[in-house]
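Fold and contact review
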Amino acid sequence: MIEIRRPARVLAPLVLDSPHSGTVYPEDFDPLQPPSRYRRAEDMYVDELFSAAPDLGMPLLAARFGRIYCDVNRAFDDLAPETLADGDELVLAPSAKARLGKGVVWTATPPDGAPLLASALPRSDYEARLERCWRPYHAALADLLAETRGAAGGVYHLDLHSMQPVANAMHEDETGGLRPDMVLSDREGRSCSAGFIAEARRILLDLGFSVAINDPFKGAEILRQHGNPDAGVHSLQIEVNRALYMDVESFEKTADFSNTQERLTRFLRELRDWVAAR
């Protein structure tokens, strides 16, 4: 359910992961809504946009399962209690995102929060998703970060995502608000060095993208769990505006896809060289 694309030779201690671009929905996924609704949760084509990473000497980890089935960028206990039919003995910690229907198991579909599940999940189904998807993904990322550490013991990490061009009712920012081309997030300075996010911003601006920092996204579970600059692990989240490469209604790639992909390849090459020089 996960895939690691390894380079022939690592050229810099920089790891990429794409946790939300998966398109596989296991047989126990029984949604109320059609794919035209629930697939809106996917970060479509993000692993393709950054697919040059292995050729540039950097490993890329990608989830193959759909995000709405199991969202590895949420804590394992980020779930509203009413999601489970028999979870009374579990201690859960639902966040504001879970209350919107997008916890570790999604219960609503964008853009308006229409119900995803016909009935509450058995606790065994929830635990099976954690064992099948959540735990293997985080273990694979931790292992990849550990093995890619440079000679000085440090490693850099780019967590890849995409965003709707306009905020909807399932987002924390104001509905109807327009997003920039890119949003970089570091949990407000807690998941990576100031130099890493500053360099990523500089490169993106030089490539002609508009860039926001920690607004409206600040980074979630992947950065919280793996980013630890004091220990030499620098994790940075990037959100790419889907309007740069796809039609958000038809899900089709647009004529701009190749250009956006080429610019992001240049971004990776320059960021790799910066990391290698550290």
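This write-up is about the structure you can find in this document. All chains use their own residue numbering, which begins from 1 and follows the written sequence. Local features in a predicted model are, by the rule used here, given only for residues with pLDDT of at least 70; side-chain atom pairs are given and counted only at 80 or more, and totals for whole chains, interfaces and linings are based on all residues. No hydrogens and no water enter the side-chain calculation; it runs on all heavy atoms of the structure.

1. A look at helix α7 (residues 257–277)
Runs of E in the DSSP output that reach at least two residues are strands. Runs of H or I that reach at least four are helices, and both are numbered from the N terminus. An expected span of 1.5 Å times one less than the residue number is assigned to each helix. In a regular helix each residue adds 1.5 Å, so 21 residues correspond to 30 Å; α7 covers 30 Å between its end C-alpha atoms and thus fits that length. If you check which residues of α7 are buried, you get Phe257, Thr260, Arg263, Leu264, Thr265, Phe267, Leu268, Leu271, Arg272, Trp274 and Val275. Between two residues, a contact is recorded if the distance between any of their heavy atoms is within 4.5 Å. Structurally, α7 contributes buried residues whose contacts are with β2 (14–18), α2 (46–49), β6 (155–163), β7 (182–185), α5 (194–206) and β9 (233–241). For every residue, the accessible area obtained with a 1.4 Å probe (protein chains only) is divided by the maximum for its type, and the residue is called buried under 20%, exposed over 50%, and partly exposed between those limits.

2. Here's the deal with α5
Between its first and last C-alpha, α5 extends 18 Å over 13 residues, near the 18 Å set by a 1.5 Å rise per residue. Residues Phe196, Ile197, Glu199, Ala200, Ile203 and Leu204 constitute the buried set of α5. On an axial view of α5, the arc spanned by its buried residues comes to 160 degrees, and they lie on one face. The exposed set on the far side of α5, more than 90 degrees from its buried face, consists of Ala194 and Asp206. Those residues of α5 that are buried lie in contact with β2, β6, β7, β8 (211–213), β9 and α7. With its phi angle positive at about 95 degrees, glycine 208 sits one or two positions after the end of α5. The directions from the helix axis to the C-beta atoms are what the arc is built from.

3. Examining unusual backbone geometry
With omega at 5 degrees, the peptide bond leading from proline 110 into proline 111 counts as cis. Mapping proline 111 onto the fold places it in the loop between β4 (108–109) and β5 (114–115). At glutamate 188, a position not held by glycine, the phi torsion is positive, near 55 degrees. Despite not being glycine, phenylalanine 251 shows a phi value in the positive range, around 70 degrees. Structurally, the position occupied by phenylalanine 251 is in the loop between β9 and α7.

In short, the description is geometric, and any link to function would need to be established separately.
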